[in-house]
Amino acid sequence: MIEKISVMAADIDGTLCMKGSIPGERTLNAIRRLHDEGVLFGVASGRPMDRRILDLANTWNLGFPFDFAIGMNGGDLYNRDTDQIEHYYQLKKEDVREILSLIHDMDLNAIVYVNGYDEINALRMDDFLRDSQKRNHSIVEVGDVDFVSRHDTGKIECHLKPSLKPEFYARLAKHPTDRWITVQTFEIEDHTTIEFLDPHVNKGIALRQFSEKTGIPLSEFIAFGDMDNDYGLIKEAGYGVCLCNGCDEVKSIAQAITEYSVHEDGVGRWLEDHWFSR
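Quantities reported herein were computed from a predicted structural model and do not represent experimental measurements.

Engineer: Whenever I open this one, the sheet that holds strand 8 (residues 139–142) confuses me. Can you help?
Structural biologist: Within a sheet, neighbouring strands are paired by backbone hydrogen bonds and run either parallel or antiparallel to one another. Judged by pairing direction, the sheet is mixed, and its 6 strands sit side by side in the order 8-7-6-9-11-10 without closing on themselves. Two strands lie at the open edges of the sheet, namely strand 8 and strand 10 (181–188), each paired on one side alone. Taken over all neighbouring pairs, the strand axes of this sheet differ in orientation by 25 degrees on average, direction set aside. Alignment of strand 6 (residues 109–115) against strand 9 (residues 156–160), held across 4 bridges, turns out to be antiparallel. Pairing of alanine 110 across the sheet is with cysteine 158, part of strand 9. Where helix 3 (residues 93–103) meets the sheet, it contacts strand 6, strand 9 and strand 11 (191–197), and its direction lies at approximately 10 degrees from that of strand 9. Here helix 4 (residues 127–136) sits on the sheet in contact with strand 6, strand 7 (119–122), strand 8 and strand 9, set at roughly 30 degrees to strand 6.

Engineer: Where do I start with the pattern of salt bridges in this structure?
Structural biologist: Side-chain pairs of opposite charge can arise whenever the charged atoms involved come near each other. Tallying each qualifying case throughout the model produces 25 salt bridges. Measuring nitrogen to oxygen at the nearest pair gives 3.1 Å for the salt bridge that ties arginine 130 to aspartate 127. Within this pair, arginine 130 and its partner aspartate 127 are both found in helix 4, separated by 3 residues, close to a single helical turn. What makes arginine 130 partly exposed here is its relative accessible area of 45%. Judged by its relative accessible area of 62%, aspartate 127 is exposed. Between glutamate 157 and lysine 155 there is a salt bridge; the shortest N-O distance is 3.0 Å.

Engineer: Explanation requested: the side chain of glutamine 184 in the structure shown.
Structural biologist: Here glutamine 184 lies in strand 10. Within the local environment of glutamine 184, its side chain forms a polar contact with the side chain of lysine 165, the two groups lying 3.0 Å apart. Apart from residues no more than four positions distant in its own chain, glutamine 184 is found in contact with Lys165, Tyr169, Thr192, Thr193, Ile194, Met227, Asp228 and Asn229.

Engineer: Looking at this structure, how should I read the pairing of strand 10?
Structural biologist: Regular strands have side chains that alternate between both faces of the sheet. Where strand 10 lies against strand 11, 7 bridges are found, and the strand directions are antiparallel. Note on strand 11: the bridge partner recorded for glutamate 187 is threonine 192. Two successive antiparallel strands, strand 10 and strand 11, enclose a turn made up of 2 residues.

Procedures and definitions
Residues numbered from 1 in each chain as written. Predicted model: local features only at pLDDT ≥ 70, side-chain atom pairs only at ≥ 80, totals over all residues. Heavy atoms only, no water. Pairing = 2+ DSSP bridges. Helix = DSSP H or I, 4+ residues; strand = E, 2+ residues; numbered from the N terminus. Axes fitted to C-alpha atoms, helices over the stretch in contact; angles between N-to-C directions. Contact = heavy atoms within 4.5 Å. Salt bridge = Lys/Arg side-chain N within 4 Å of Asp/Glu carboxyl O. Buried < 20%, exposed > 50% of the residue type's maximum accessible area, 1.4 Å probe, protein only. Polar contact = N/O pair within 3.5 Å; in protein donor to acceptor, adjacent residues only side chain to side chain.

So this is what it looks like as structure tokens:
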């Protein structure tokens, strides 16, 4: 067990709560209690880093603003002390074009975030983007591969059915490269999200940057995650906890696995049972 917690970082979707919902009250109360004890708290998400992530603290009625936030799977870092967002390792537009050329004819959608949720380019309009427009007032433009490949970006986000994953990965295997990697960031029965990133990017990179900027050693960081894009986060933190609904790869490197899932306030109940009752 970690001896001292100075910083807590947590993935959002699948860890603190399900996509589109808010954390349960036991999880929020545990975070509030840690913060009252002087622990810095931040979220670590695959979402584009913009004010919408920071506004989640108000949406959740957390009672305080996030001390930091990681976006774009580690490509973006917000530090409340400076009120600045730093960006790391973006995919070049030439790579975006090459990636989309490999997969554009499949039954999937590929999304490029030009300016957070404010400006989105995609191969087609779908329910995910309609929901984004409704929630985030996003400007969504749809076009062909050349149109969607006009900008460098933190990630390409692909939405497809789980049954298409074998074909998706088989296509990529025919064109091996060291210029990008893929991570699966979300999956339910009829939907999978797979993202393309610069190989240098992971949430652990941003966590290490925050450690260096604050002078707080990573040994005093605790992190919670569930999916492939949380691997770096869990690995870099002094103590990593994977949700029981998480993937096997992240479970394999975590120091602990929650007894309860995200649907059951897994984060909050783990902190109650293993930290506050220590």
